[in-house]
Amino acid sequence: LLLYIVTTGIAVVLGLLFASLFHVGRGLSLPKPVEFVMQPPPALTSILTNIFPQNPFKALAQGNMLQVIVFALLLGIAIAASGEKGKRVGKAFGALNEVLLKLVMMIMRLAPYGVFFLLAALFARVGFRVIGHLLGYFFVVLLVLAVQLIATYSTILVVIGRLSPLPFYRKMYAAMLFAFSISSSNASIPVVLRTVEFRLGVKNSVASFVIPLGATINMDGTAIMQGVATVFIAHAYNLNMGWGGYFIVIGMATLASIGTAGVPGVGLITLAMVLQQVGLPVAGIALIIGVDRLLDMTRTAVNIAGDSMIACI
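These numbers were taken from a predicted model, which means no experiment stands behind them.

**Description of the overall build of the protein chain**
When you go through the protein chain residue by residue, the secondary structure sums to 14 helices and 0 strands. Each helix and strand of the protein chain, ordered N terminal to C terminal, gives the series α-α-α-α-α-α-α-α-α-α-α-α-α-α. For 313 residues, the compact-globule estimate of 2.2 N^0.38 gives 20 Å, and the protein chain sits close to it at 20 Å. When the backbone C-alpha atoms are referred to their principal axes, the protein chain occupies close to 55 × 45 × 40 Å. Looking at the protein chain alone, contacts between residues at least 24 apart form 81% of all its contacts between residues at least 6 apart. Per element, the accessible surface of the protein chain, about 15,600 Å² overall, is 72% carbon and sulfur. In the protein chain, which carries 19 positive and 8 negative side-chain charges, the distance between the mean positions of the two groups comes to 2 Å.

**Notes on the environment of I217**
Inspection of the secondary structure puts I217 in helix α9 (residues 204–217). Under the relative-accessibility criterion, I217 is labelled buried at 11%. Sequence spacing of I217 and N303 is 86 residues, and the spatial spacing of their C-alpha atoms is 9.9 Å.

**Structural notes on the pattern of salt bridges**
This structure, assessed with the given rule, holds 3 salt bridges. D296 serves as the salt-bridge partner of R293, at 3.9 Å between the closest nitrogen and oxygen. Of this pair, R293 and D296 are both found in helix α14 (residues 292–312), 3 residues apart, which corresponds to roughly one turn of the helix. Judged by its relative accessible area of 6%, D296 falls in the buried class. One continuous salt-bridge network, built from bridges that share partners, spans D292, R293, D296 and R299.

**Some words on the packing of helix α1 (residues 2–21) against α14**
At a closest axis distance of 11 Å, the pairing of α1 and α14 adopts a crossing angle of 140°. What the angle tells us is that α1 and α14 run oblique. α14 is crossed by α1, and the crossing has right-handed handedness. Mapping the contact onto sequence places L3, Y4 and T7 in α1 and G306, D307, M309 and I310 in α14. Taken together, the residues of the contact of α1 with α14 break down into 4 nonpolar, 2 polar and 1 charged.

About the criteria used
- Residues numbered from 1 in each chain as written.
- Predicted model: local features only at pLDDT ≥ 70, side-chain atom pairs only at ≥ 80, totals over all residues.
- Heavy atoms only, no water.
- Helix = DSSP H or I, 4+ residues; strand = E, 2+ residues; numbered from the N terminus.
- Rg over C-alpha atoms; globule rule 2.2 N^0.38 Å.
- Contact = heavy atoms within 4.5 Å.
- Areas by Shrake-Rupley, 256 points an atom, 1.4 Å probe, with all protein chains shown as cover.
- Lys, Arg positive; Asp, Glu negative; His and termini not counted.
- Charge placed at Lys NZ, Arg CZ, Asp CG, Glu CD.
- Buried < 20%, exposed > 50% of the residue type's maximum accessible area, 1.4 Å probe, protein only.
- Salt bridge = Lys/Arg side-chain N within 4 Å of Asp/Glu carboxyl O.
- Axes fitted to C-alpha atoms, helices over the stretch in contact; angles between N-to-C directions.
- Parallel < 35°, antiparallel > 145°, perpendicular 65-115°, else oblique.
- Left-handed = near helix turned anticlockwise from the far one by under 90°.
- Nonpolar A, V, L, I, M, F, W, Y, C, P; charged D, E, K, R; others polar.

The following block contains the structure:
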């Protein structure tokens, strides 16, 4: 758990750092949404004291994702501690989860049409100059994903595991290609498990615990996207987050990755939570949604590589 949290923290810091160095979105100067009023980012102490919901249903209705995640974790602990009755409740939630994921996939099938009209409206309003800025955002995210995959994971393998990274990447290549093609950490679990056990030599007792856990809570690629996207949207609307905003993004993106389902496109949903917390317009997601599919495929490959690296450690 500690290793997963540390690698996710490193990922979002790298995303913020590279996005700031390359000034992604700077000069786009988009008009702020009419209904948007810039709110100063809340103090970190305020966020920490407000993570426990007084009313979980109110938190769900208002989309307060941080409170929802904390309540879900506490409810999960209570279910696990409740014996046979808890198992029945757990099965009910498992069935509900399957239904909701099916609903998400139904919506995702319609998403390309919605994205087309969103981008058509955007280009009609601001012209095609936005394409250059989108390409800048796209390649910065790819660059940070490559740094996380090659530099961060290699360093951890060498320093903590005393392992050579080259055999790791060579043996993980096919599994990463599979994850890239289907954009789902959860759907990649059987292939990743087989690769980690039979090609990397990790014991079944370790792999069968670490890999499914990582597919649920370790979303380094998603954290990188959220870091870069937050800076891009702030620059695009000429808004200043300040240092406090950056620290909140690091904490929020790390926590959001724990609550992110391993299905295609879900990173954009948790990005909305991060933007709300730092006082940025959620409408800015429309800027990046058109190029997110390819990035989603790439970050899934990075996610499962991170899971496998921790299993080897």
